[in-house]
2 protein chains.
Amino acid sequence: MNAKQVLDLAMTAYWHGDPADVSVNAICQMAGISKPSLYREFGSEDGLSRAALDRYAEQVLSEMFVILHGGTGLRQTLGALIDFASDDPRMETGCLFYKMRAGKHRLGPKTRARVEEIDAAGQSANAAFLQAARDAGDWPEGLSVEAGAKYLGEQIALAITQRASGEDPARIREMLTLALSVFTRP
Amino acid sequence: MNAKQVLDLAMTAYWHGDPADVSVNAICQMAGISKPSLYREFGSEDGLSRAALDRYAEQVLSEMFVILHGGTGLRQTLGALIDFASDDPRMETGCLFYKMRAGKHRLGPKTRARVEEIDAAGQSANAAFLQAARDAGDWPEGLSVEAGAKYLGEQIALAITQRASGEDPARIREMLTLALSVFTRP
DNA sequence: GACATAAAATACCATATGGTAACAAAATGA
DNA sequence: TCATTTTGTTACCATATGGTATTTTATGTC
């Protein structure tokens with residue numbers, strides 16, 4: 001089993017379960033490699049989890065950025081985000097990034113730094129998206145773009161986190177649609 | 001230090017930090033008692049955390065139920081909930097119940113059962129409150145009471161969880177107000 | 001004071017964690 | 001072919017966890 005396979009396995013393990021509950025030992029066992037092998041490849045648990053997060057970001061998180069940068073208008077982009085969060089099968093077990101962010105204090109310094117970077121990037125992407133909508137005149141009164149960006153991000157995080165806890169996707173969609181309806185008020 | 005003092009200390013420790021990161025050893029050390037003493041009083045870690053949650057429920061969570069059962073109308077009750085979640089100093093370090101619910105899988109069976117009981121009770125209280133508003137004619141079209149109840153609960157949980165992560169209360173209030181504005185649409 | 005009894009503390013157990021030193025095997029260079 | 005470097009494994013370390021058997025300390029009773 002080569003390094004990338006191990007990384008994929010670790011990413012999936014962190015992603016499917018709770019990152020804090022997946023030990024280095026367990027990953028070695030699953031991968032069928034020894035601990036020193038893993039440590040020579042990734043340096044530390046922090047290094048491994050950071051690498052797993054990086055891989056996750058470029059492999060699945062990127063899709064969310066694509067949606068946001070699509071530039072297909074407020075309603076359409078919000079709809080795509082709702083679809084992704086509520087029904088994309090990849091989000092069935094939640095999102096590794098949100099899981100790590102929720103348990104930030106348990107992460108090593110490198111992984112935590114990456115989480116914060118991604119968080120900031122997500123917020124910027126949200127803000128850019130909403131700013132474009134505002135520039136197009138499609139915006140409710142009395143709401144700052146920054147607050148809206150954070151709100152949008154948190155609502156999506158909430159929806160995906162609920163997916164991980166087995167909530168009914170239809171119900172999640174209903175709630176997320178309700179939450180995001182504030183952007184498209186008549 | 002008597003049993004109730006120990007329980008208060010444990011509750012506060014669980015509440016202030018992350019329940020999963022507070023060990024039995026740490027509680028004994030803080031309380032200045034020995035481990036067997038604690039085990040004689042509470043049986044197990046599960047027993048202790050359940051007792052702490054019970055105490056928390058009757059001591060602070062009850063306040064939320066009081067607000068919900070106030071019967072002071074939709075807007076006013078929502079305002080009180082927003083005040084409580086955004087600005088009550090007791091919620092500055094988050095809510096023990098929400099913290100435990102977020103890490104449900106780490107809890108012992110008794111504590112987990114209590115968490116689920118409280119969760120169900122909260123949802124019922126939300127539903128009863130919203131049903132009353134609906135009966136009073138104050139209700140947006142096309143939204144079921146059940147979905148609204150769950151939505152309301154999740155939004156408050158989100159707001160209080162953000163308090164725990166040090167978010168600016170004014171920003172939290174802004175977002176929670178935005179989220180709950182769906183109930184009072186013109 | 002002597003003795004039985006309840007309470008508390010010390011010291012321990014099994015287990016799991018992240019991490020590493022010592023060592024064997026295989027590939028790689030000359 | 002031999003030396004060297006890389007790769008991997010076994011076996012271990014220090015630490016922390018939840019939980020307990022055993023011993024000490026206090027307490028009440030005769």
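Cut-offs and rules
- Residues numbered from 1 in each chain as written.
- Chains lettered and ligands numbered in written order.
- Predicted model: local features only at pLDDT ≥ 70, side-chain atom pairs only at ≥ 80, totals over all residues.
- Heavy atoms only, no water.
- Least-squares fit on C-alpha atoms with pLDDT ≥ 70 in both.
- Contact = heavy atoms within 4.5 Å.
- Near = heavy atom within 4 Å.
- Polar contact = N/O pair within 3.5 Å; in protein donor to acceptor, adjacent residues only side chain to side chain.
- Helix = DSSP H or I, 4+ residues; strand = E, 2+ residues; numbered from the N terminus.
- Phe/Tyr/Trp six-rings, centres within 6.5 Å; stacked < 30°, edge-to-face > 60°.
- Buried < 20%, exposed > 50% of the residue type's maximum accessible area, 1.4 Å probe, protein only.
- Buried area = accessible area lost by both parts, 1.4 Å probe.
- Salt bridge = Lys/Arg side-chain N within 4 Å of Asp/Glu carboxyl O.
- Nonpolar A, V, L, I, M, F, W, Y, C, P; charged D, E, K, R; others polar.

S.K.: Can you tell me about the relation of the copies chain B and chain A, naming the residues and giving the values?
M.R.: You can overlay chain B on chain A at an RMSD of 0.0 Å; the transform is a turn of 180° with a shift of 0.0 Å along its axis. Taken together, the rotation and translation relating the two chain copies correspond to the operation of a two-fold axis. Across chain B, the rotation axis passes nearest the C-alpha of B:Ala179, at a separation of 2.9 Å. Most of the interface of chain B is mirrored in chain A, where 100% of its interface residues are also at the interface.

S.K.: Tell me what's going on with the protein's contact with DNA strand D, and back it up with residues and numbers.
M.R.: Every residue near DNA strand D is listed here: A:Ser34, A:Pro36, A:Ser37, A:Arg40, B:Ser23, B:Val24, B:Asn25, B:Lys35, B:Pro36, B:Tyr39, B:Ser44 and B:Glu45. At the protein interface, 42% of the atoms of DNA strand D within 4 Å belong to sugar or phosphate. In the environment of DNA strand D, a phosphate oxygen lies 3.3 Å from a nitrogen or oxygen atom belonging to the side chain of A:Ser37. The backbone of B:Val24 places a nitrogen or oxygen atom 3.1 Å from a phosphate oxygen of DNA strand D. Taken together, the elements giving at least two residues each to the surface near DNA strand D come down to α3 (35–42) of chain A together with α2 (24–31) and α3 (35–42) of chain B.

S.K.: I'd like a description of the packing of aromatic side chains, backed by residues and values.
M.R.: Applying the stated rule across the entire model yields 8 aromatic pairs over all chains. Centroid distance B:Trp15 to B:Tyr56: 4.9 Å. Interplanar angle 80°. Geometry classified as edge-to-face. Linking B:Trp15 in helix α1 (residues 3–16) with B:Tyr56 in helix α4 (residues 45–68), this pair joins segments that are 41 residues apart in sequence. Taken as a pair, B:Trp15 and B:Tyr56 share a single burial class, namely buried. Aromatic pair B:Phe97 and B:Tyr98: ring centres 5.3 Å apart, planes at 50°, arrangement tilted. Judged on exposure class, the residue B:Phe97 and its partner B:Tyr98 are both buried. An aromatic cluster is built from A:Trp139, A:Tyr151 and A:Phe183, whose rings are joined through pairwise contacts.

S.K.: Please set out the interface of chain B and chain A residue by residue, giving values where relevant.
M.R.: Taken together, the contact between chain B and chain A spans 24 residues of the former and 24 residues of the latter. When chain B packs against chain A, the two sides together hide about 2200 Å² of surface, and 55% of this comes from carbon and sulfur. At the junction of chain B and chain A, the tally comes to 8 salt bridges. A:Asp21 serves as the salt-bridge partner of B:Arg106, at 2.8 Å between the closest nitrogen and oxygen. Residue assignment for the side of chain B that touches chain A shows that the elements contributing at least two residues are α8 (145–164) and α9 (169–180) of chain B. When residues of the side of chain B that touches chain A are assigned to their parent elements, the largest contribution, 8 residues, is made by α8(B). Looking at the side of chain B that touches chain A residue by residue, the class counts come to 9 nonpolar, 5 polar and 10 charged.

S.K.: Describe the environment of B:Lys110, listing the residues and the values that go with them.
M.R.: As for its placement among the helices and strands, B:Lys110 is situated in helix α7 (residues 109–135). If we skip the residues at most four places from it in the chain, B:Lys110 touches B:Asp46, B:Gly47 and B:Arg50.

S.K.: Kindly report on the protein's contact with DNA strand C, identifying the contributing residues and their values.
M.R.: Residues in close proximity to DNA strand C include A:Ser23, A:Val24, A:Asn25, A:Lys35, A:Pro36, A:Tyr39, A:Ser44, A:Glu45, B:Ser34, B:Pro36, B:Ser37 and B:Arg40, which together make up its full environment. Among the atoms of DNA strand C close to the protein, meaning within 4 Å, 49% are from sugar or phosphate groups. At 3.1 Å from a phosphate oxygen of DNA strand C is found a side-chain nitrogen or oxygen belonging to B:Ser37. Separating a base nitrogen of DNA strand C from a side-chain N or O atom of B:Arg40 is a distance of 2.6 Å. Within the surface near DNA strand C, the residues separate by chemical class into 4 nonpolar, 5 polar and 3 charged.

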